[in-house]
Amino acid sequence: MAASKKPRLRLRDVALCRLLSVVFVTLCGVLLLIFLLASNSTSIGTHDVGNVDAYRHDLKFAKWPDLPQLNDLSLRLEKLNRLPPRNLDLHPTLAKDHIIVVLYVHNRPQYLKVVVESLSRVAGISETLLIVSHDGYFEDMNKIIDGIRFCQVKQIYAPYSPHLFSDRFPGVSANDCKDKDDALKKRCEGNPDQYGNHRSPRIVSLKHHWWWMMNTVWDGLRETRDHSGHVLFIEEDHFIFPNAYRNLQVLTSLKPRKCPDCYAANLAPSDVNSRGEGWATLIAERMGNVGYSFNRTVWRKIHNKAKEFCFFDDYNWDITMWATVYPSFGSPVYTLRAPRTSAVHFGRCGLHQGQGENKACIDNGMVNINVEDPDTVSNIELDWEVHTYQNQPGYKAGFKGWGGWGDDRDRHLCLSFAKMYHSKGTAYPL
């Protein structure tokens, strides 16, 4: 009897051990799943995070030691940058050969309302992606963008904006030199520009934001880094006419044949006060800064001149391009445009103004821009010849810059933006 009970005890013990093993493995699996879900979740306010996991690697980003350490707000903004575009339910697909539109903004909500309203009336805008690049985080600006329903829209925020750092570089540091301080006598930090003035974070943010945006749009975002067509760049004080997108499609298609030496296509004349000649001909001229577009080939040429861009002592990105980057290409940098403008610069307040006590940057809160019938449909004829302007006035090689960009920290941060989406083995030559 005793001998016959022993095997039963062993079988019962074996079964119990197996049961405990299964329970243990299951419990470990559950705990591991909970840990993974917790580590992948992010709290980023009221924005939709339903598809954020699919965009976890949206920014092809390699940390470089030259970049400043992000603060809590910057880290949250980087997470927002990874979100997919909104309005995918309303506009699930993009048209073939679409031209991406990038809107470069700071904090002028009364301006932004005008440009968004004008974009809503643009023929073909629903076919493409609108990217809004913010220099800082401002709720009034976000509310306006949140109201967009006319196309896919993606917001990105410059995480190294001086406006996000209140107590250290790239913002204001306690030991920063100010105005025309002598760094040795004051024992303060900073390098003056060519006129003896030290950096102003509010001013240098203009150039930092533009350069960060360009590198991010062309090389960092999942939605754009494989885009080979043109990208259109506009700003928060550019009124866009209803025919702008259709005209730009025509210009980019005609450019290889009509103006093979043109680097870009523009919506407006380089002279911001001009509405165009009204001739029956296309215009090739110096590249303007209102509604400019170019492709990845041109971006590579610009990116290869990162050192020239980052070390030129002028806080304006456009003057930097005209005075040092474009001349370094070795031949005139022409852009192709129509003889009638499709965009207008309406800003009365420059240098990120318009959000102080006096908000009258727009007359009576309104912009009175006359949109005529020819501005509502594409008005370019395919058989037009090209009239080329040569030796136009404007900033050229030899101009030494307006200053504001003499601090070594700004220059090296600028260079870091050029490197941040490229490994050391594949970085383009500086």
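Residues numbered from 1 in each chain as written. Predicted model: local features only at pLDDT ≥ 70, side-chain atom pairs only at ≥ 80, totals over all residues. Heavy atoms only, no water.

- The name recorded for the chain in an unreviewed UniProt entry is Alpha-1,6-mannosyl-glycoprotein 2-beta-N-acetylglucosaminyltransferase, from Cajanus cajan.
- The record held by UniProt for the chain lists under Pathway (unreviewed entry) the comment "Protein modification; protein glycosylation."
- Listed in UniProt under the heading Subcellular location (unreviewed entry), the comment for the chain reads: "Golgi apparatus membrane". (UniProt positions renumbered as here; feature names shortened; annotations may be inferred.)

### A few points about the packing of aromatic side chains
And step 1. According to the stated counting rule, one finds 19 aromatic pairs in the structure shown.
And step 2. Feature note: the residues Trp-210, Trp-211, Trp-218, Phe-233, Tyr-292, Phe-294, Trp-299, Phe-309 and Trp-317 constitute an aromatic cluster, connected by ring pairs.
And step 3. Lying over the aromatic face of Trp-322, Arg-286 brings its terminal NZ or CZ to 4.6 Å of the ring centre. (Phe/Tyr/Trp six-rings, centres within 6.5 Å; stacked < 30°, edge-to-face > 60°. Lys NZ or Arg CZ within 6 Å of the ring centre and 35° of its normal.)

### Some points on the state of the cysteines
And step 1. Using the criterion set out here, one finds three disulfides in the structure.
And step 2. Between the sulfur of Cys-177 and that of Cys-188 lies a disulfide, 2.0 Å long from S to S. Between Cys-177 and Cys-188 the sulfur-sulfur dihedral comes to about 100°; the bridge is accordingly right-handed. Of this pair, Cys-177 sits in the loop between strand E3 (152-157) and helix H5 (183-186) while Cys-188 is found in the loop between H5 and helix H6 (201-219), placing the two residues 11 residues apart along the sequence.
And step 3. Its relative accessible area of 3% is what places Cys-177 among the buried residues.
And step 4. Paired by a disulfide, Cys-310 and Cys-414 hold their sulfur atoms 2.0 Å apart. Across the S-S bond of Cys-310 and Cys-414 the torsion is about -75°, and the bridge reads as left-handed. With a gap of 104 residues between them, Cys-310 in helix H9 (residues 306-311) and Cys-414 in helix H11 (residues 408-419) connect regions that are remote in the sequence.
And step 5. Here Cys-310 falls in the buried class, since its relative accessible area comes to 0%.
And step 6. The exposure class of Cys-414 is buried, given its relative accessible area of 1%. (Disulfide = S-S within 2.5 Å. Helix = DSSP H or I, 4+ residues; strand = E, 2+ residues; numbered from the N terminus. Buried < 20%, exposed > 50% of the residue type's maximum accessible area, 1.4 Å probe, protein only.)

### Considering the pairing of strand E4 (residues 231-235)
And step 1. Among the five residues in E4, five count as buried, and that is most of the element.
And step 2. Because side chains alternate across E4, one face comprises the buried residues Val-231, Phe-233 and Glu-235, and the other comprises Leu-232 and Ile-234, equally buried.
And step 3. Across three bridges, E4 lies against strand E8 (residues 292-294) in antiparallel orientation. Within E8, the position partnered with Leu-232 by the bridge is Ser-293. (Pairing = 2+ DSSP bridges.)

### Some points on the sheet that holds strand E11 (residues 386-388)
And step 1. One open sheet accounts for nine strands, arranged E3-E2-E1-E4-E8-E6-E9-E7-E11; its pairing is mixed. Of all strands in the sheet, those bounded by a partner on one side alone are E3 and E11. Going from strand to strand, the sheet's axes swing by 30° on average, the running direction of each strand aside.
And step 2. Pairing analysis gives five bridges linking strand E1 (residues 100-105) to E4, with the strands arranged parallel. (Axes fitted to C-alpha atoms, helices over the stretch in contact; angles between N-to-C directions.)

### Observations concerning the UniProt feature "binding site: Mn(2+)" (unreviewed entry) in the chain
And step 1. Using the residue numbers shown here, the UniProt feature "binding site: Mn(2+)" (unreviewed entry) corresponds to Asp-237 and His-345. Spatially, the listed residues are clustered: although they cover 109 residues, their C-alpha atoms lie within 5.9 Å of one another.
And step 2. Relative to the elements of secondary structure, Asp-237 occurs in the loop between E4 and strand E5 (238-240).
And step 3. When near neighbours in sequence (up to four residues on either side) are disregarded, Asp-237 contacts Arg-108, Tyr-111, Val-344, His-345, Phe-346 and Gly-347.
And step 4. One can find His-345 in strand E10 (residues 343-345).
And step 5. On the basis of relative accessibility, which here comes to 32%, the residue His-345 falls in the partly exposed class.
And step 6. Setting aside chain neighbours within four positions, we find His-345 in contact with Asp-237, His-238, Val-272 and Val-290.
And step 7. At 3.1 Å, the side chain of His-345 forms a polar contact with the side chain of Asp-237. (Contact = heavy atoms within 4.5 Å. Polar contact = N/O pair within 3.5 Å; in protein donor to acceptor, adjacent residues only side chain to side chain.)

### Concerning the packing of H6 against H11
And step 1. Where H6 contacts H11, the two axes come as close as 9 Å, and the packing angle between them is 15°. In terms of orientation, H6 lies roughly parallel with respect to H11. Both H6 and H11 take part in a crossing whose hand is right-handed. Side by side, H6 and H11 meet where Val-204, His-208, Trp-211, Trp-212 and Asn-215 of the first sit next to Asp-410, Leu-413, Cys-414, Phe-417 and Ala-418 of the second.
And step 2. Looking at the contact of H6 with H11 residue by residue, the class counts come to seven nonpolar, two polar and one charged. (Parallel < 35°, antiparallel > 145°, perpendicular 65-115°, else oblique. Left-handed = near helix turned anticlockwise from the far one by under 90°. Nonpolar A, V, L, I, M, F, W, Y, C, P; charged D, E, K, R; others polar.)

### Considerations on the side chain of His-98
And step 1. Within the secondary structure layout, His-98 lies in the loop between helix H2 (72-81) and E1.
And step 2. Relative accessible area serves as the criterion here: at 15%, His-98 is assigned to the buried category.
And step 3. Among the polar contacts listed, one links the side chain of His-98 to the backbone oxygen of Ala-95, at a separation of 2.9 Å.
And step 4. The contact partners of His-98, leaving out residues within four places of it in the chain, are Glu-127, Thr-128, His-227 and Tyr-245.

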